[in-house]
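The primary structure of each chain is shown beneath.
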Amino acid sequence: MAFFVAVHFKGLVTARLATKYDASSLLFCTMARYTHQALLVCVFLGLGIMDFQAQENSPLKFANLPVIDEELSADFFVRNRNRLRDTMGDSVVVVLLSAPQKTRSNDIDYRYHQDPDFYYFTGIEEPNSMLLLFKDSVEIDGEWLNEILFVESKNVKKERWTGRMLGLAEAKEVSGAANVMSNIDFKSMPIPFKDFDFVYSNANQWIERDDKEHPGDLMSMDKHLKAKAERAGVQIKVNAAEDLFGFLRQHKSAEEIAMLQQAIDITCEAQKNAMRSIVPGMTEYQVEALIEYTFRSNGASGAAFPSIVAGGSNGGIMHYTSNESLLIPGDLVVIDIGAEYEGYAADVTRTIPIDGTFSAEQAIIYQIVLDAQSVAIRYATPGYKFWTPHEEAFRTIGKGLIKNGIITQWSEIGDYFIHGTSHYLGLDVHDSGIYSSLQPGEVITIEPGIYIPHGSPCDPKWWDIYVRIEDDILITAGAAKLLSSGAPKKISEIEKIMDRGQASAD
Ligand SMILES: [Mn+2]
C-alpha cells in the first residue's frame, strides 16, 4: 500500500508538498502495518475482525456500534398494509411490483435493490415479486381474499448461482401476507378488476429485462397486469399511487426511527473517521474508501447513494461523485455521505479544512451556514410548513452575505445558495412524501449551503469557498430532535478532532 501511495503521488504533488505532507504516506503505511498485525491476530486467535477494531493504536477508530436487535418484523409490514387499506378509496385496488434486476453490463447485474414502496408494504427483497391488495376481501376462485403476494418459487438450481431464495413459506413469514402464491399463477388468476375504477400501481415502463423462459418474471406480470386492466376497463394510476404511498411513508414508526438512527450513527462515525484521517496529499477516493469501509464494518449494507467527497472547487458541484482529485492544503472538502441500514438511508454532510484549520474567510462563510442551519432547525416543528425551515435558512444566509459585502441585493442570494434546505429521509435518501406541513414522526434533513465559484462578482478572497452542513432531524411534538449529533460541526470541535499534533509527536 505504501508503494502504491508513493507512486501515485509522484507527479501529482510538488516536492514541497510531498515532503511537508508525507504524513499521508505514513498514515497509509501505518494502516497497512496494523492491518497486517490485525489479520495475524485473527488467524491465530480465531477471534475475527473484532480484534482489528480493538487495536488501540490503530489510526482508524471504530464505533463498535451495537448491532441492534430490532428488525422490521412481519407485524410492521402487516400494519403498513392495513394503513394503506384505511387510506385508499373503495374504487381502488393496489398492485405493486418489485424493482427489476438491473443490468450493469453484458451478463453482470447491479446488486439488487428493492423498490422502496414494495419493500415498505411487504418486506420482500427479492425480484420478480408482486403484491395485490384490496381494501375489502373479494372473491377469487371461490375464496375470499384481501391480499395476495406473488413471489418466485424456490429453485435449487438457480439458488446455486444467484443466492438463496425465500420461496413461498418464508415469504409468508417475512411479510405476514395472508396469501402467498407463485408468480406464475398470476396470469391465470381471475381477478375482479372490473369491480374497480382504478389500479394504483408502480407498474413500470422501466422494466428492462424479460426472461422469455419464465412466464412469471416481472415483465410477464407487468404485461398480464396491463392486459387484465385493459380488458376490465380500469385505469392504472401511477402518480396518485405515489402520493398515497408517500403520505403513509413520510410518517416514521418507532422501528423505522431505530433503523434510521443506526444508519445515521454509522454515518457520523464515518464523518469522524474522515476528520481523524484527512491530511493534504490524500485523495478524495481514499477518503471515500475509508468512509465506505466504516459503513460496511459497522453492519451497514453500504452507501445509500454515491459518496460525495469534494475537495476545493469540486465542492461547487452538488452531486460530485467521481472523487478523483488530490486534497490540497488551504482548501475545504465537502463530505456528503449516508450509510444504508435495513433499507433506511442516512444523509449527513460536513465541510472541513483539509489542513485542519479554517482560514478567516472560510470560518466566516462556515459560521453563516451553521447559523442558518440552527435557525432552520428551530423552525422544524409542527405547525410550520415543510418549506419554512428553508425560508428561514435562506434569510439568515442572505443577511450574512450582505453583512460581509458578498452580495448587495436580496435577489442575489440564489447565486450562492442554489438548493433547498430539506427533504424527507427514509427508505429513499430523498424520501417519498407529500411535502405538507411538518408533523411529529417525520424525519427530514436540514442542509443549507453557500457556494462561491471562482470568478464570482465579489472580493476574490471569497472565491472557491464551498460549504454545506447537513443534519438529520426527527420532528417531535416539541423541538426537533437532532439524530446526527455524533458528527462534530462547530469550528472549534472540527479543528480539535483534526489536530494530530499530539499523535504525530509521540
Ligand atoms: Mn441531503
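Everything quoted here is computed from the prediction, not taken from an experiment.

Calculation rules
Residues numbered from 1 in each chain as written. Predicted model: local features only at pLDDT ≥ 70, side-chain atom pairs only at ≥ 80, totals over all residues. Pairing = 2+ DSSP bridges. Helix = DSSP H or I, 4+ residues; strand = E, 2+ residues; numbered from the N terminus. Buried ≥ 20, exposed ≤ 12 C-beta atoms within 10 Å, placed from the backbone. Expected span 1.5 Å × (residues − 1). Arc of directions from axis to C-beta. Contact = placed C-beta atoms within 7 Å. Axes fitted to C-alpha atoms, helices over the stretch in contact; angles between N-to-C directions. Parallel < 35°, antiparallel > 145°, perpendicular 65-115°, else oblique. Nonpolar A, V, L, I, M, F, W, Y, C, P; charged D, E, K, R; others polar. Core = buried A, V, L, I, M, F, W, Y, C linked by C-beta atoms within 7 Å. pLDDT = per-residue confidence, 0-100.

## Description of the sheet that holds strand β18 (residues 471-474)
Piece 1. The three strands lie next to each other as β15-β18-β19, forming an open sheet whose pairing is antiparallel. Across the chains shown, the open sheet's two edge strands, defined by having one partner strand only, are β15 (443-446) and β19 (481-482).
Piece 2. In terms of strand pairing, β18 meets β19 through two bridges, oriented antiparallel. In the strand pairing of β19, I473 is matched with L482.

## Looking at unusual backbone geometry
Piece 1. Even without glycine at this site, N106 takes up a positive phi of about 50°.
Piece 2. Structurally, N106 can be placed in the loop between β2 (103-105) and β3 (108-109).
Piece 3. The exposure class of N106 is exposed, given the 5 C-beta atoms found within 10 Å.
Piece 4. Phi is positive for N128, which is not a glycine, with a value near 60°.
Piece 5. Mapping N128 onto the fold places it in the loop between α6 (116-122) and β4 (130-140).

## Comments concerning the pairing of β18
Piece 1. Strand direction decides the pairing type here: β15 and β18, joined by four bridges, are antiparallel. For I444, the partnering residue across the bridge sits in β18 and is I473.
Piece 2. With antiparallel pairing between neighbouring strands as the criterion, β18 and β19 make up a hairpin whose turn holds six residues.

## As for helix α13 (residues 360-378)
Piece 1. Its 19 residues give α13 an end-to-end C-alpha distance of 27 Å, which sits within 8% of 27 Å, the value for a rise of 1.5 Å per residue.
Piece 2. Looking only at α13, the buried set comprises Q362, I365, Y366, I368, V369, A372, Q373 and A376. All buried residues of α13 fall inside an arc of 155° around its axis, so they share one side.

## Overview of the sheet that holds strand β13 (residues 344-345)
Piece 1. Spatial ordering of the open sheet is given by β9-β12-β13, a layout of three strands whose pairing is antiparallel. Only two strands of the sheet have a single partner each, and these edge strands are β9 (302-303) and β13.
Piece 2. Here strand β12 (residues 339-341) pairs with β13 via two bridges, running antiparallel. Paired with Y341 across the strands is Y344, a residue of β13.
Piece 3. Packing against the sheet, helix α11 (residues 254-277) makes contact with β12 and β13, and its axis sits at approximately 150° to β12.

## Focus: the packing of α11 against helix α16 (residues 491-498)
Piece 1. The contact between α11 and α16 brings their axes to 7 Å, and the two run at 60°. Here α16 runs oblique to α11, going by the angle between their axes. Contacts between α11 and α16 involve K272, M275 and R276 from the first element and I494, I497 and M498 from the second.
Piece 2. Of the residues that constitute the contact of α11 with α16, the class distribution is four nonpolar, no polar and two charged.

## A look at the nonpolar core
Piece 1. The biggest cluster of nonpolar side chains holds 119 residues, and the ones touching the most others in it are A263, I278, V333, A339 and I450.
Piece 2. Among the elements that take part in this core, α11 stands out by supplying nine residues, more than any other.
Piece 3. With residues near it in sequence (within four places) discarded, I278 still touches V287, L327, V333, I352 and I354.

## Topic: helix α8 (residues 167-175)
Piece 1. Within α8 the residues assigned to the buried category are A171, V174 and S175. Looking straight down α8, one finds that the buried residues subtend no more than 80° of arc, so they occupy a single side.
Piece 2. On its buried face, α8 sits against α5 (74-87), α6, β5 (143-151) and β6 (180-182).
Piece 3. Count one or two residues on from α8 and you reach G176, which has phi positive near 70°.

## Things to note about the confidence of the model for the protein chain
Piece 1. The predicted model of the protein chain averages 87 in pLDDT, with 84% of residues at 70 or higher.
Piece 2. Low pLDDT (under 50) marks residues 1-59, which in the prediction has 47 contacts with non-local residues, meaning those over four places away or in another chain.

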